[in-house]
Structures are given as structure tokens and as C-alpha cells.
Amino acid sequence: MAPLRLGSVAPDFSAETTTGPIKFHDFIGDSWAVLFSHPADFTPVCTTELGEVAKLAPQFAKRSVKVIGLSTNDLADHDRWVDDINEVNNVNLAFPIIADKDRDVATLYDMLDSVEHDASNVVNGIPFTVRSVFVIDPAKKIRLILTYPASCGRNFDEILRAIDSLQLSDRQPIATPANWQPGGEVIVHVSVSTEKAKQIFPEVREALPYLRFATLPAEEGEEEK
Ligand code: BEZ
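What you see is a predicted model; the values in this text were computed from it and never measured. (Residues numbered from 1 in each chain as written. Predicted model: local features only at pLDDT ≥ 70, side-chain atom pairs only at ≥ 80, totals over all residues. Heavy atoms only, no water.)

1. Considering the sheet that holds strand β10 (residues 174-175)
- Taking strand neighbours across the sheet as the criterion, the four strands line up as β10-β11-β13-β12 in an open arrangement whose pairing is antiparallel. Looking at the sheet topology across the chains shown, the edges are occupied by β10 and β12 (204-208).
- For β10 and strand β11 (residues 186-188), the ladder comprises two bridges, and the chain directions are antiparallel. Each residue of the ladder has a partner; that of Ile174, found in β11, is Val188. (Pairing = 2+ DSSP bridges. Helix = DSSP H or I, 4+ residues; strand = E, 2+ residues; numbered from the N terminus.)

Quick look at the structure:
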């Protein structure tokens with residue numbers, strides 16, 4: 001299969017999850033989605049990550065994003081693990097976690113670690129998944145891909161920030177600068193002339209002929225966390 005890239009259609013699949021069986025594209029429907037994988041159940045970093053996503057569930061929902069986790073254990077393990085996650089993080093995890101015991105989805109999305117890379121993420125010669133993140137839009141196109149090693153828990157505030165940037169750049173002809181936060185100055189897209197930008201944005205500041213900062217129209221009010 002061709003490697004998954006930004007703009008690829010997210011491969012569809014059927015799977016068992018903690019909230020029932022799904023067909024992935026039907027699950028996404030008209031929403032955005034974040035598909036994120038974990039090495040295995042009952043592992044410490046993953047337990048904190050899933051707790052964090054459960055806490056941030058309203059923030060994902062506010063952006064019309066459905067979240068769905070994946071780990072390479074069966075449903076019985078997932079159910080017991082969710083009890084631990086809820087208890088230790090004081091949450092009520094309600095989003096689905098895919099039971100990918102046979103690594104079908106992990107293989108489809110190229111989520112498996114390499115045997116040589118991390119001995120702590122391999123059992124009996126079989127690698128676990130890495131910490132993959134796929135942000136998928138309502139057209140089922142992959143819009144962002146992140147890959148973290150098993151040892152490094154992800155920053156889910158950054159994933160929300162990147163989704164804000166993606167959704168904003170779908171609505172406005174802009175890009176977002178380094179360390180941008182919602183409400184901050186944006187960059188006029190290279191395809192838009194400065195003259196045109198001045199008709200679109202309340203303020204345009206030309207730092208360089210190819211680097212034009214702009215403030216956003218009032219209707220793009222700042223996202224609150
Ligand atoms: C963890 O989630 O803590 C973890 C999982 C696999 C390898 C290393 C760490």
C-alpha cells in the first residue's frame with residue numbers, strides 16, 4: 001500500500017471498540033476525527049494520555065472533532081483498563097478505543113514500531129504500536145500526522161491548537177506562524193496579494209514582501225480553553 005501522506009484518504013476499516021462495532025468512515029460522518037494509537041493497555045504513559053483526552057473531550061467536541069483511541073489488546077482488557085484510567089485521572093472516558101489485538105488497523109495505518117528501534121516496545125519479537133496521531137477532516141482526508149515514540153507522552157493541547165489552525169485556514173486565506181495561539185496574529189497566505197489582503201483583514205502589517213501579518217475579522221473570535 002502507498003504510504004499515508006497529508007491529503008491521502010484515511011483508509012476505511014471495520015473494528016470492535018469499547019463503545020461497539022464501528023465502520024470508520026461512518027463513525028467520522030460529517031465531523032473531523034482524531035485517531036490516536038497507544039503501545040498497549042495497562043502501560044503508564046498511555047494511562048495518563050487517555051485520561052487527558054477524556055478531560056479534553058468537551059474541547060474536541062466544541063471543534064466538531066470525534067476522538068478515537070487504538071491499542072493492540074482485546075475488548076476485555078480495554079474495559080478493565082478504562083476503569084483504571086477513570087479512577088486514576090478522575091474522568092469518565094466515553095470515547096471509543098479500538099481493540100486491535102491482531103494489529104489490522106495498526107498495520108493499515110503503519111503505526112507499528114520497528115523491532116530495531118525500541119526494545120522496550122517489542123514483546124516476543126512483535127513490535128507494539130507507536131504513539132501515532134491522524135487528524136482527519138469531514139472529507140476523510142488526512143490533514144495532520146504525528147508520530148511519537150512510546151517513551152514520550154503527547155501534548156494534546158498542541159493537537160487542539162493544530163486543529164484550530166487547520167480549521168481556521170480552511171475558512172480564511174491564512175497560515176499560522178510559529179507558536180501561534182487562537183486570537184493571535186496570522187500570516188496572509190502567499191497566494192493573496194497585499195492589496196487583496198487589506199480588503200479581507202482589519203489590519204495588515206508587511207514585515208517583508210513575503211511575510212504579511214494580519215488580524216482576523218471579528219467573527220473569528222478567540223477560542224477559549
Ligand atoms: C508507556 O505507556 O508507559 C509505555 C509503553 C510501552 C513502552 C514504553 C512505555
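What follows continues from the structure just given.
2. Details of the nonpolar core
- Residues Val34, Phe36, Leu50, Phe60, Leu93, Phe95 and Val135 are the most contacted members of the largest nonpolar core, which totals 27 residues.
- Those elements that provide at least two residues to this core are β3 (32-37), α2 (44-55), β4 (65-71), α4 (75-89), β8 (131-136) and α6 (156-171).
- If one sorts the elements of this core by residue count, α6 sits on top with six residues.
- Discounting residues that sit within four places of it in the chain, Leu50 has contacts with Phe36, His38, Trp81, Ile85, Leu93, Phe95 and Ile97.
- Counting 20 residues, the second-largest nonpolar core is a separate cluster that includes Leu4, Phe13, Leu35 and Ile136. (Core = buried A, V, L, I, M, F, W, Y, C linked by side-chain atoms within 4.5 Å. Buried < 20%, exposed > 50% of the residue type's maximum accessible area, 1.4 Å probe, protein only. Contact = heavy atoms within 4.5 Å.)

3. Regarding the site of the ligand
- With respect to spatial proximity, the complete set of residues near the ligand consists of Pro39, Thr43, Pro44, Val45, Cys46, Ser120, Asn121, Arg131 and Ala150.
- Take Thr43: an N or O atom from its side chain is 3.2 Å from an oxygen atom of the ligand.
- Arg131 places a polar side-chain atom, nitrogen or oxygen, 3.0 Å from an oxygen atom of the ligand.
- Starting from 260 Å² of accessible surface for the ligand in isolation, the protein chains cover 85%.
- Per-element tally for the shell around the ligand: the top contributor is α2, with three residues.
- Per-class residue counts for the shell around the ligand are five nonpolar, three polar and one charged. (Near = heavy atom within 4 Å. Polar contact = N/O pair within 3.5 Å; in protein donor to acceptor, adjacent residues only side chain to side chain. Areas by Shrake-Rupley, 256 points an atom, 1.4 Å probe, with all protein chains shown as cover. Nonpolar A, V, L, I, M, F, W, Y, C, P; charged D, E, K, R; others polar.)

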